[in-house]
Amino acid sequence: MSIDSAETYFDNYFDTYQVPASVRSFLARSHQLFIDGAWVDSSDGATVPVTEPSTTQTISNIASATVADLDKAVAAARREFDGGSWSRFTPLEREGLLHKLADLIEANTEELALLESIDVGKPLAEAEMDIQGTIDTYRYFAGWASKISGRSGEAAGLPGDYVTYTRKEPVGVVGVIVPWNFPLQTLAWKLGAALAAGCTTVVKPPEITSLTTLRFAELVSESGIPGGVVNILTGKGSTVGAALAGHKGIDKVTFTGSTPTGKSVGHAALENLTRMTLELGGKSPVLVFADSDLDKAVEEVAMGIFFNAGQICDAGSRLYVEDAIYDEFMGKLVENAKSWVIGPGLDPESAIGPVVSENQCNSVMGYIQTGIDEGATLLCGGNRLDRTGYFIEPTIFGDCNNQMTIVQEEIFGPVLVAQRFSTEEQAIELANDNQYGLAATIYSQNLNRVHRLSKVLKAGSVYVNAQSSIDPAMPFGGFKNSGFGRDLGPEQLDSVTETKTVWITLS
Ligand code: NAD
């Protein structure tokens, strides 16, 4: 399908893909802020346009929150936390509400997936996977609500007779800041644990992909979660995001986004000693050894960098292939890359959609030019498609080296940089030679090697003969400049609770 003219967007594009009336009418609404359970305009009436990346057309407008709006949202969240109705819900009641929320998301999967696909540009099938991941995350943390508990203990050296125990108490009002690549699912990674623990929240969704979060807010209302527990402030990162990170009424900030923004969020939070989790960027190495299942590795390496048009924090974006198989492997990989069908997310034929925005498109194309200028060999792709929309070909550079900008910096697009290695030691050295440490992948059938490498690779997740395996039960987060703290798994619960130690003297 080709889009002839941007003006025909609503007539042709939505008709072609049979977008239902419910989605069209949602987009046509004027989207407000969700504060204390009510929908309100931003205090200065400002809005931000929403651009659809396949057509570059404005498809909606969302409210742009001010600091005054933020103050109201924080006050509502504080009231609910400090003695409000939410603070009196039992853990089992919170568990029930999180399941209810998951049920509502499930019942609205089609609409949410369509909105996510339209807003981010991702293929609909990928958006459906995001919604399933969202549902699973709320269900997983629902189960934790009634299982978070402290422990009883014995003093080790202190003389005297005591009863000692710890309590796990919710940390308080949690500020949540989310990026644009997996908006609804990343939000679930933050809210699931926070709500299970009994916290209240103020959310700053990504300014360019807020639509599913706004629809989600309606489901929060419908679920029976009281007003003020989940507040949604759409708008600009530089204003409301920055103010949220530095707000004195926030007890914990949990941020996912780029490393530069994460550092600025961290500085602002530290000013008030606000607790923080920072899930940041990545430039994850993939090591392919000669003893791996090559065809499987080719499929998965391609998926690892081209899924979601490469806009994945733990995308396998740096490829290191053992000398003996480099030429054969790269030949097969290039063939694979050329086979990806590029098109709008709503087109069932599309395997790769546009990148999310003009800024992102320009940034990725800039890196491609840098790669050419630095002398890397362009093996395939490298072009923006000559059509409306932010479409970039799956791109692979060969003969790279670790001194190149394209090998050191996160590109966050469908661009893979590849080079050879000759020994295991060299592969480890090359893989660890980067500021980031979010994930690393090993392809090898040698069990001993897999264990050796899993131990020394500096990354929060190590995938073996697989790419980007994510599950709500397993923690996710970074080493080095990929941030600190973990989302998901029982490990996340420590970051939304304070541990209190109680001493009772018996004599
Ligand atoms: P970004 O850092 O530009 O923005 C992230 C969020 O922060 C957005 O909601 C934005 O509005 C807000 N923001 C912007 N400026 C702010 C400020 N000064 N103070 C507070 N908030 C501010 O990131 P992005 O471009 O939306 O997302 C892409 C980045 O996110 C990539 O670097 C990617 O690797 C990273 N990411 C990391 C993970 C992870 O789990 N580690 C997951 C997804 C994405």
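In what follows, the structure referred to is the one given above.
Residues numbered from 1 in each chain as written. Predicted model: local features only at pLDDT ≥ 70, side-chain atom pairs only at ≥ 80, totals over all residues. Heavy atoms only, no water.

## Structural notes on the pairing of strand 17 (residues 415–421)
Residues in a regular strand point their side chains to alternate faces of the sheet. Basically, it comes down to this: Working definition: with a 1.4 Å probe on protein chains only, accessible area under 20% of the residue-type maximum means buried, over 50% means exposed, and in between means partly exposed. The secondary structure listing takes helices from DSSP runs of H or I that are at least 4 residues long and strands from runs of E that are at least 2 residues long, numbered from the N terminus. The criterion for strand pairing is that DSSP finds at least two bridges linking the strands in question.
When you tally the buried positions in strand 17, you get 6 out of 7 residues, the bulk of the element. Relative to strand 17, strand 14 (residues 316–322) runs parallel, the two sharing 5 bridges. From the neighbouring strand, E322 faces strand 17, where its bridge partner is F421. Bridge count for strand 16 (residues 395–398) against strand 17 is 3 bridges, and the pairing is parallel. Across the sheet, residue F397 finds its bridge partner in strand 17, namely V417.

## Re the sheet that holds strand 17
Condition: All axes are obtained by fitting lines to C-alpha atoms, using only the stretch in contact for helices, and the reported angles, taken between N-to-C directions, cover 0 to 180 degrees.
Taken together, 7 strands build an open sheet; the order of strands is 15-16-17-14-13-19-20 and the sheet is mixed. Of all the strands in the sheet, just strand 15 (377–380) and strand 20 (461–464) have a single pairing partner and so form its edges. Averaged over all adjacent pairs, the angle separating strand axes in this sheet is 25 degrees, with direction ignored.

## Quick word on the environment of L27
Heads up, the condition is: What makes two residues a contact is simply this: any of their non-hydrogen atoms within 4.5 Å.
Relative to the helices and strands, L27 resides in helix 2 (residues 21–28). Each C-alpha atom, one on L27 and one on L211, is 8.2 Å from the other, the two residues being 184 residues apart in sequence. Once residues within four sequence positions are removed from consideration, L27 is found in contact with F14, I59, S60, L115 and L211.

## What to know about the sheet that holds strand 1 (residues 30–31)
Spatial strand order, 1-5-4: 3 strands in an open sheet with mixed pairing. The open sheet has two edge strands with one neighbour each: strand 1 and strand 4 (47–52). Direction of pairing for strand 4 relative to strand 5 (residues 57–63): antiparallel, over a ladder of 6 bridges. For T47, the partnering residue across the bridge sits in strand 5 and is A63.

## Observations concerning empty space enclosed by the protein
Our working definition: Grid spacing is 1 Å over the protein atoms alone, the probe is 1.4 Å, and a cavity is where that probe fits but cannot get out, while a pocket is an open set with protein on both sides within 12 Å along at least five of seven lines and lining residues have an atom within 4 Å of a point. Grid points are joined across faces, edges and corners, and a volume is the space filled by probe spheres set on the points. Amino acids outside the nonpolar list (Ala, Val, Leu, Ile, Met, Phe, Trp, Tyr, Cys, Pro) and the charged list (Asp, Glu, Lys, Arg) are all regarded as polar, and Gly is one of them.
In this structure the tally under the stated criterion is 2 cavities of 30 Å³ or more. Size it by volume and the largest cavity reaches roughly 90 Å³. Residue lining of the largest cavity: 14 residues in total, with G282, S317, E410, I411 and F412 positioned closest to the centre. The residue inventory of the lining of the largest cavity, partitioned by class, reads 7 nonpolar, 5 polar and 2 charged. Of the pockets and cavities examined, the second largest cavity occupies roughly 50 Å³. If you go around the second largest cavity, you meet 15 residues; those closest to its centre are P285, A431, Y436, A439 and K458. For the lining of the second largest cavity, the elements supplying multiple residues, two or more each, are strand 13 (284–288), helix 15 (424–432), strand 18 (436–437) and strand 19 (439–443). The residue makeup of the lining of the second largest cavity, split by class, is 8 nonpolar, 3 polar and 4 charged.

## What to know about the packing of helix 4 (residues 91–107) against helix 6 (residues 124–145)
As a reminder, the rule being used: Should an angle fall under 35 degrees it is taken as roughly parallel, and over 145 as roughly antiparallel, whereas 65 to 115 is taken as roughly perpendicular and any remaining angle as oblique.
Two elements in contact, helix 4 and helix 6, have axes whose closest approach is 8 Å; the angle formed by their N-to-C orientations is 170 degrees. The angle between helix 4 and helix 6 places the two elements in the roughly antiparallel class. Side by side, helix 4 and helix 6 meet where P91, R94, E95, L98, H99, L101, A102, D103, I105 and E106 of the first sit next to I131, T134, I135, Y138, R139, F141, A142, G143 and A145 of the second. Looking at side-chain class alone, the contact of helix 4 with helix 6 contains 11 nonpolar, 3 polar and 5 charged residues.

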